[in-house]
Amino acid sequence: MSHAVVQLPPEQIAPLARLYDEAVAARRRHTYIVAAVILVGIVLSCWGGEVRPAVFAANAHRLGLYFWNILPVLRWETLGADLAEWYWNLDGWLKLLFETVVIAYLGTVFGAIGAFCLCFLASANMMRNTLVRVSARRLLEFLRTVPEIVFALLFVVAFGLGAMPGVLALAIHTMGALGKLFAEVVENIDMKPVDGATAAGASWTQTVRFAVLPQVLSNFASYGLLRFEINVREAAIMGFVGAGGIGQDLVEAIRKFYYSDVSAILLLIIATVMIIDMVTERIRHALIGMDQSR
Amino acid sequence: MLEIEGLTCRFGDKLAVSNVDLQIGHGAFVGVIGRSGAGKSTLLRMVNRLQEPSSGRIRFEGNDVTALRGRNLRLWRAQAAMIFQQFNLVGRLDVLTNVLMGRLSTMPSWRAFTKVWSLEDKALALSALDQFDIAQLASQRADSLSGGQQQRVAIARALVQEPGLILADEPIASLDPRNTKIVMDALLRINKHFGITVLCNLHSLDLARSYCDRLVGMAGGQVVFDGAPEALTDDVARDLYGLEAGDVMEVSEARKRPALSALPLGATA
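Read on for an overview of the structure.

About the criteria used
Residues numbered from 1 in each chain as written. Chains lettered and ligands numbered in written order. Predicted model: local features only at pLDDT ≥ 70, side-chain atom pairs only at ≥ 80, totals over all residues. Heavy atoms only, no water. Pairing = 2+ DSSP bridges. Helix = DSSP H or I, 4+ residues; strand = E, 2+ residues; numbered from the N terminus. Expected span 1.5 Å × (residues − 1). Buried < 20%, exposed > 50% of the residue type's maximum accessible area, 1.4 Å probe, protein only. Arc of directions from axis to C-beta. Contact = heavy atoms within 4.5 Å.

Points about the pairing of strand S10 (residues 222-227) of chain B
All names here are of chain B.
Next up, step 1: By the bridge criterion, 5 bridges tie strand S9 (residues 214-219) to S10 in an arrangement that is antiparallel. Across the sheet, residue Gly 217 finds its bridge partner in S10, namely Phe 225.
Next up, step 2: Counting the residues that bridge the hairpin from S9 to S10 gives 2 residues, and of these Gly 220 lies at a positive phi of roughly 55 degrees.

Structure follows, in structure tokens:
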């Protein structure tokens, strides 16, 4: 059949094929078991959490209806006036959007600073002291497992309404999330330069400064920018609990059925997030390019 | 017969391969030699169409393969089997699956996605592995094998593609001397036994001299030497590698002896 392989006679193939089939059958069984477990998990979760696909199917059209309802009335003859009416509060909303981006920016920067300080203590290769490492890791875990919105609620109670509690809430969650990513970056570094610096008599902080930092900085920056993108989205809902930004107007419009306001604000948020995503992506690619050209 | 006309590849403003003309007869064992960055890899990758040529023409058995697309392109790639320096196996898949990837271009996609291989394909893949004495490793993960074993798996994958041409890109550069001999002997056996044309990039002049029946020397993306291994004098080699006279003398003196002893082995394999 082939002109490149000498075919073995069937009686020689059979034992080889049987050996292979037995080994593969064991692996396939594992795959089937995993698939079955996932399937059972889906069924049990839907049943236990009362997530009923039937409810979704019966009411799916209402979702479309809502989006239809929030569309503004735009007529060609009076387009300018209709648009002006739709975006009647553009100045106020832009101010709130700006506040949202500022909250995201401050939350990201402060969170990243905290994450930077903690990540070296939490990485297994740089911190030999188990007690310090484990405490740093648990702290990071605690910071990121509590959702931002919960922290924001607590801080609004403590500090009152406004952007401050939003920044704090984002910073704390960012510190936990980025700290874990940063620590993983540090754990993946090449240890040879670290040995080189340590062998030359450098202290722990000097080793981090000269042997670790050059290897991880561009990755840190990239993760930081990614977190900023996420935080802009998070900051947009901080206002739901009174922690500043565009969210307070959005939730009010939804609750009070100001239909066209909902669509106006949603479009503004989507546009902002898209612009920020594009800009940060560009910066991240430039960073990667810079790293490689060096 | 493989005919290459005016083949050029440009990366930005850098010419990787510049206006290469080659005619390679059926059943030849051609070594492509030259320094790193001379364009050897790019040349081979363009023949497989893994790298798109900037200009020029590639013909195989009279058919133009430069502009193939879709299914015809995939069939051509299977026919011009590549063997890589780093083996390019999927480490997490088992050995037989890696070899059977050489059959993907000919099987219906439902077979490929469910991994229900046909009995003929399986028998072919096991035979190919047995040819290199590693059929008993069929169910092991590819990354659990040694480098020499992995390269033999890669060659088995190339063979089940039923190629008309084998493109070997530095196939032995990551291997120890013993595995180097096993892999080069395997390529020679395929070439002599099945009459498959082999185009092989090599760093080592001695291996090139002892295994190939024609050498193509490249420098700066251009073909600067094309002839029998005997015609590759030390002067030519010096130009090719840009070495000082003393360097090449030392190198060739030190390496001549193992090369000569390898010659009869290559010839009898």
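Moving on from the coordinates now.
Here's the deal with helix H6 (residues 148-159) of chain A
All names here are of chain A.
Next up, step 1: For H6, spanning 12 residues, the distance from its first C-alpha to its last is 16 Å, which sits close to the expected 16 Å at 1.5 Å a residue.
Next up, step 2: Taken residue by residue, H6 has Glu 148, Phe 151, Ala 152, Phe 155 and Val 156 as its buried positions. The arc enclosing the buried residues of H6, seen along the axis, measures out at 140 degrees, which places them on a common side. Summarising the geometry of H6, the exposed residues directed more than 90 degrees from the buried face are Leu 154, Val 157 and Ala 158.
Next up, step 3: In this structure, the buried residues of H6 make contact with helix H5 (130-145), helix H7 (163-187) and helix H9 (204-238).

So, the pairing of strand S1 (residues 2-11) of chain B
All names here are of chain B.
Next up, step 1: Of all 10 residues making up S1, 7 are buried, and the element is well covered by its neighbours.
Next up, step 2: With 7 bridges joining them, S1 and strand S2 (residues 14-24) adopt antiparallel strand pairing. Residue Leu 2 lies in a different strand from S2, and its bridge partner there is Ile 24.
Next up, step 3: Connecting the antiparallel pair S1 and S2 is a turn made up of 2 residues, with Gly 12 showing a positive phi of about 65 degrees.
Next up, step 4: Pairing analysis gives 5 bridges linking S1 to strand S4 (residues 55-60), with the strands arranged antiparallel. Pairing of Ile 4 across the sheet is with Ile 58, part of S4.

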